[in-house]
Amino acid sequence: MLNNIIKHSLRSFKRQRSYNIINITGLSIGLACSLLIALYIIYEVSYDRYNVRKDRIYDIALNFRIGDQEFTEATTSYPVGPTSLREIPEVEDFLRMRKMYGAANVTYNNQTYDEENIVEADSSFFNFFSIPVLKGDPANLLNAPRKIVLSSSMAKKIFGSENPVDKILKIGKDTIPYTVSGVMGDIPGNSHFKAGMLVSMLSDSQANSQEWGSNNLSTYLLLKPNTNIKNINEKYPALVRKYFGPEVQRFLNISFEEFLAKGNIYRYYLQKLTDIHLDTSIKPSFLAPGDPKLLRILGTIALLILLVAVVNFTNLSTAQASARAKEVGIKKLGGSTKGMLIAQFLTESVIMSFVSTIVALIIIKLVLPFFNEMLGTSLMLRLSDAWFIVPVMILFAIITGVLAGSYPAFFLSSFSPYKVLKGGKNNNQKVGLRKVLVVLQFTISICLIVGTLIMYRQIMFMTERDPGFVKDQLVVIDNEEALGANAKSFKESLKGIPGVVSLTSSSSVPGNSNNFNGYMLEGKKDETIMMWTDLVDYNFLETYGIQLKSGRFFNKEFPADAQACLLNESALKKYNIDPEKLRILGYRDSGKVDYHPIIGVVKDFVFESQRNQIAPFIFRLKSENDRYGYITVKISPKNHMETIKKIETSWKESTTGDPLKYHFVDDIMRQLYVKERQNALIAVISSLLAIFIAALGLYGLTSYTVEQRTKEIGVRKAMGSSVPGIYFIISREIIILISISALLSFPIIYYVSGKWLESFYYRITPGLITFLGGLIIAMGIAVLTISYRTLRAARVNPAKSLRYE
């Protein structure tokens, strides 16, 4: 019986070849797009799950509020890990990790290499993370100062096939060399951190610091089995009071209880390792987290595209019901039961679903390299990775086939043999369903199109909005420290290059702020204010074109400016500062207080993503002896590559083989929104595919409609109807249905886009033009889709049309 059903299904497939090709094409594209998005979502969710002990590893997060500013970040001070092991019995081990900021030069045999991901780590690293040790003894890799472990890629890059163990490396300007103690496998792409090199934490001069108020590294705990996390979190307040309390007393001259009574918070708590990547409530120490809200949106898009493909299948199948009505009648008279017919039609749809799934997998295999390059991921489609993948794919194909074919199967099998053989048709029910399905398809498509337009507009708004400074033609040299004592002479040499307009030195640059400090206001010593800090020289405002709102900038003619400062508008507004009456107080680790008079106020400028409100910012003068940070060179657009070559020449003359590392400020600012661009690209591709699938189905329906109305078209032409008139009669129904889709889609996308835009402080307002744009695009594609088939039918000689059967 099963063989007969399959044979009948294959014969039917051949008879309806053209429509089935359309069905398979639409379903294949829908499945491919949905599976690609599903692969991406699985990749994002799988972060850090490769670790064998993942369920027992936790990161320590700090919730910190001073005054009216509150922060939650994955940073701790140096003694938190050792203290946790010593005083909390449930803790089995601890691991501290800290990224060495800035790209470093690694030198071996007078050859210099770049490495941006150098991480300091305790010797317990390999007890926490399941990274294979390829060379060396895991117990002794990081157990002493000046030991370094290379990733497999970095070892190959520096040493080739040579054994790197016990070789000597020089890092940056550090005069004390490092010894390679081992080689590890590359850190997986789905890790919340990157590391091409691991340096022993004991190499850090602060490794044994007992200062609890300086939080600049990540601490992980390995808990004993079956530990209650709530019990651990409840023990940290006592530890904070015991160790951080005396520091509050020393620096703020108030007790820890008074500190808390003012509404301040200083709280440590645990975050599960596998939650780090998708927890946007905690500022990470390493890589930026994924956006769970976006993953939900992408998951919804994947389901909607699959729904469009399934609806397309159902629509075309029901449209062909008239053509198969006699087949159903004859089979029923021949003894076929309703169940047998349902089985046949479902088998047909499942076969097409299997074919579509195979085609979809081929499509994914072909486009996956481009998808990975576009998103910066390392997705792989390997069906043999786990035993359940192939069964799941088979089940997925069966479910898709059943969902797509259920209604046509039950609809066709319900035909009365007497009515269909006599010529009766169930047109009203069938046509009504087709209209509903077309409306559903285009409602989804218009939602995706308008949503994509809104995403694009928001990204363009952020990238093109005036940042408050001139970002063009600014070249940032990353590693001023490589110049050492030659920094001053290097800057002087640049001034002699014709294409150099101006230059400045600073501790941070827009798009890469790195110093968030606490200050106090004179007369309000019990209140701490938080501001981003940039140490700059006298030429910073001129080079960046930042506008002064009031006062003046640093000037060499005023020696007292060494202690002065400037604030941005947001600092004045947030903390209600009167620059003429108050001074900013800065506390050093020694307890000494620095008084910073406010000599000017700059207009707000963008220095981080516009997802966030512009934060308070303070400029202080950078001493000529501070040989670290960045050098920004403003160059003329004329012959700019020649200017950069001359800068490189001057750099080589001023350093001892260190390569020049530079980038443009406008590139840095674009990088702030790279994730948004990637997501928008996914949305664009998804929208195009959804509208393509819908158009494909529309083309099939139009072809079928024209076939069914061929004689009607011939009669109308014989009676004098024009080609435009016939075209309007056939296409007006589609235009009406798409207009209904637009009316249904607008409130849906208005609500969804509003929720998405809430994550941006500076954002657009979705206007009527955007919604009309989506309607015009959908309508235009639909009209173009039906035009060819409709106009072709309208031009046929009526005598030929009237003879059509």
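Residues numbered from 1 in each chain as written. Predicted model: local features only at pLDDT ≥ 70, side-chain atom pairs only at ≥ 80, totals over all residues. Heavy atoms only, no water.

**Focus on the packing of aromatic side chains**
What characterises a pair of aromatic rings is the spacing of the ring centres plus the angle enclosed by the ring planes. Note the cut-off: Put simply, two rings from Phe, Tyr or Trp (the six-membered ring, in Trp's case) pair if the centres are within 6.5 Å, and we call them stacked under 30 degrees between planes, edge-to-face over 60, tilted for the rest. Where helices and strands are cited, they refer to DSSP runs of H or I of at least four residues and of E of at least two residues respectively, numbered from the N terminus. Burial classes: relative accessible area under 20% of the type maximum marks a residue as buried, over 50% as exposed, and values in between as partly exposed (1.4 Å probe, protein chains only). In this scheme, Lys NZ or Arg CZ marks a charge over a ring once it lies within 6 Å of the ring centre and within 35 degrees of the ring normal.
Under the counting rule described, the total for this entry stands at 34 aromatic pairs. Centroid distance Phe125 to Phe193: 6.1 Å. Interplanar angle 85°. Geometry classified as edge-to-face. Taken as a pair, Phe125 in helix H4 (residues 125-128) and Phe193 in the loop between strand S10 (178-184) and strand S11 (197-200) lie far apart in primary sequence, 68 residues in all. Phe193 gets classed as buried once you look at its relative accessible area, which sits at 1%. Grouped by ring-pair contacts, the aromatic residues Phe469, Trp532, Phe540, Tyr544, Phe553, Phe554, Phe605, Phe607, Phe617 and Phe619 constitute a single cluster. One cation-aromatic arrangement involves Arg552 over Phe558; the distance from NZ or CZ to the ring centre is 4.0 Å. The lysine or arginine in question, Lys622, covers the ring of Tyr628, its NZ or CZ lying 5.2 Å from the ring centre.

**Some words on the pairing of strand S8 (residues 147-151)**
Counted only if it meets this: At least two DSSP bridges between two strands are required for those strands to pair.
Burial of S8 is extensive: 4 of the 5 residues sit out of reach of the surface. Two elements, S8 and S10, share 5 bridges in a ladder whose sense is parallel. Counted as the bridge partner of Ile148 is Val180 from S10. Bridge count between S8 and S11: 3 bridges; the pairing is antiparallel. Looking at S11, one finds that Leu150 is bridged to Met197.

**Describing the pattern of salt bridges**
What counts here: When a carboxyl oxygen of Asp or Glu is within 4 Å of a side-chain nitrogen of Lys or Arg, the pair counts as a salt bridge.
Under the defined criterion, the tally for this structure stands at 21 salt bridges. In this structure, the salt-bridge partner of Arg583 is Glu522, at a minimum N-O distance of 2.7 Å. With Arg583 in strand S20 (residues 583-587) and Glu522 in the loop between strand S16 (516-521) and strand S17 (524-536), this pair connects stretches of sequence that are 61 residues apart. What makes Arg583 partly exposed here is its relative accessible area of 31%. Relative accessible area serves as the criterion here: at 26%, Glu522 is assigned to the partly exposed category. Connected through salt bridges with shared partners, the residues Arg86, Glu87 and Lys242 form a single ionic network.

**Here's the deal with the nonpolar core**
Here is the rule: Nine residue types can take part in a nonpolar core, namely buried Ala, Val, Leu, Ile, Met, Phe, Trp, Tyr and Cys, and a core is a set of them joined through side-chain atoms within 4.5 Å. In what follows, a contact means two residues having at least one pair of non-hydrogen atoms within 4.5 Å.
Counting 79 residues, the largest nonpolar core has Tyr40, Leu298, Ile364, Phe442 and Ile738 as the members making the most contacts within it. Secondary-structure elements contributing two or more residues to this core are helix H2 (17-45), helix H9 (292-319), helix H11 (338-375), helix H12 (389-413), helix H14 (427-464), helix H20 (674-708), helix H22 (723-757) and helix H23 (768-794). If one sorts the elements of this core by residue count, H2 sits on top with 14 residues. In contact with Tyr40, not counting residues within four places along its chain, are Leu295, Leu298, Phe371, Leu375, Thr377, Leu379, Lys675, Asn679 and Ile682. If you look at the next biggest cluster of nonpolar residues, it comprises 41 residues, including Tyr58, Tyr266, Met530 and Leu582.

**Remarks on helix H7 (residues 245-252)**
What counts, and what does not: Note that the arc is defined by the directions from the helix axis to the C-beta atoms.
What H7 keeps buried is the set Gly245, Glu247, Val248 and Phe251. Within H7, the buried residues cover an arc of 160° as seen down the axis, which keeps them to one side. The inward-facing, buried residues of H7 contact helix H6 (229-243), helix H8 (256-261) and S20. Positive phi appears at Asn253, one or two residues downstream of H7, with a value of about 60°.

**Details of the side chain of Asn51**
Mapped onto the elements of the fold, Asn51 is located in the loop between H2 and strand S1 (57-66). Discounting residues that sit within four places of it in the chain, Asn51 has contacts with Phe128, Phe129, Ser130 and Leu273.

**A look at helix H3 (residues 80-87)**
Burial in H3 covers these residues: Val80, Gly81, Thr83 and Ser84. An end-on view of H3 places all buried positions within 165° of arc, on one side of the element.

**Quick word on empty space enclosed by the protein**
Quick note on the threshold: Cavity means a closed set of points on a 1 Å grid over the protein atoms alone, one where a 1.4 Å probe fits but cannot get out, pocket means an open set with protein on both sides within 12 Å along at least 5 of 7 lines, and lining means a residue has an atom within 4 Å of a point. Grid points are joined across faces, edges and corners, and a volume is the space filled by probe spheres set on the points. Gly is placed with the polar residues, together with every amino acid not listed as nonpolar (Ala, Val, Leu, Ile, Met, Phe, Trp, Tyr, Cys and Pro) or charged (Asp, Glu, Lys and Arg).
Tallying each qualifying case throughout the model produces 9 cavities of 30 Å³ or more. If you trace the second largest cavity, you find it lined by Met462, Thr463, Arg465, Pro467, Lys471, Val606, Gln610, Asp666, Met669, Arg670 and Tyr673. When residues of the lining of the second largest cavity are traced back to their parent elements, those giving at least two are H14 and helix H19 (665-671). A per-element tally of the lining of the second largest cavity places H19 first, with 3 residues. The residue makeup of the lining of the second largest cavity, split by class, is 5 nonpolar, 2 polar and 4 charged.

**Notes on the packing of H6 against H7**
Heads up, the rule is: Throughout, an axis means a line fitted to C-alpha atoms (over the contacting stretch in the case of helices), and angles, computed between N-to-C directions, take values from 0 to 180 degrees. An angle below 35 degrees is read as roughly parallel, one above 145 as roughly antiparallel, one from 65 to 115 as roughly perpendicular, and any other as oblique.
Two numbers describe how H6 lies on H7: the axes approach to 3 Å, and their chain directions differ by 40°. On the basis of the axis angle, H6 is oblique to H7. Along the contact surface, H6 presents Val240, Arg241, Lys242 and Tyr243, while H7 presents Gly245, Pro246 and Glu247. Grouping the constituent residues of the contact of H6 with H7 by class yields 3 nonpolar, 1 polar and 3 charged.

**Digging into the packing of helix H15 (residues 487-495) against helix H18 (residues 640-654)**
Note the cut-off: Two helices cross in a left-handed way if the nearer one is turned anticlockwise from the farther one by less than a right angle. They cross in a right-handed way if the turn is clockwise.
Direction vectors running N to C along H15 and H18 enclose 155°, while the axes themselves pass 10 Å from each other. Taken together, the axes of H15 and H18 lie roughly antiparallel to each other. Between H15 and H18 lies a crossing of right-handed hand. Contacts between H15 and H18 involve Phe490, Ser493 and Leu494 from the former and Ile647, Ser650, Trp651 and Ser654 from the latter. Here the residues of the contact of H15 with H18 sort into 4 nonpolar, 3 polar and no charged.

**Here we look at the environment of Ile693**
Along the chain, the position of Ile693 falls in helix H20. Judged by relative accessible area, which is 0%, Ile693 ranks as buried. Separated by 383 residues in sequence, Ile693 and Val310 have C-alpha atoms that sit 9.9 Å apart. Not counting residues within four places of it along the chain, the set of residues in contact with Ile693 comprises Gly26, Ile29, Gly30, Ile305, Val308, Ala309, Asn312 and Gln441.

**With respect to the pairing of strand S12 (residues 218-223)**
Burial within S12 is extensive, with 6 of its 6 residues counted as buried. Residues Ser218, Tyr220 and Leu222 line one face of S12 and the alternating positions Thr219, Leu221 and Leu223 line the opposite face, and both faces are buried. Pairing analysis gives 3 bridges linking S1 to S12, with the strands arranged antiparallel. Residue pairing across strands places Tyr58 opposite Leu221, the latter belonging to S12. In terms of strand pairing, strand S3 (residues 91-99) meets S12 through 6 bridges, oriented antiparallel. In the sheet register, Arg96 faces S12, and the bridge partner there is Thr219.

**So, unusual backbone geometry**
Leaving glycine out, the prevailing phi sign among residues is negative, and the prevailing peptide bond configuration is trans. Phi angles above zero are rare outside glycine, and Gln473 is one such case at about 60°. Relative to the helices and strands, Gln473 is located in the loop between H14 and strand S14 (474-477). A positive phi angle, near 55°, is found at Asn639, a position not held by glycine. By secondary structure assignment, the location of Asn639 is in the loop between strand S23 (630-635) and H18.

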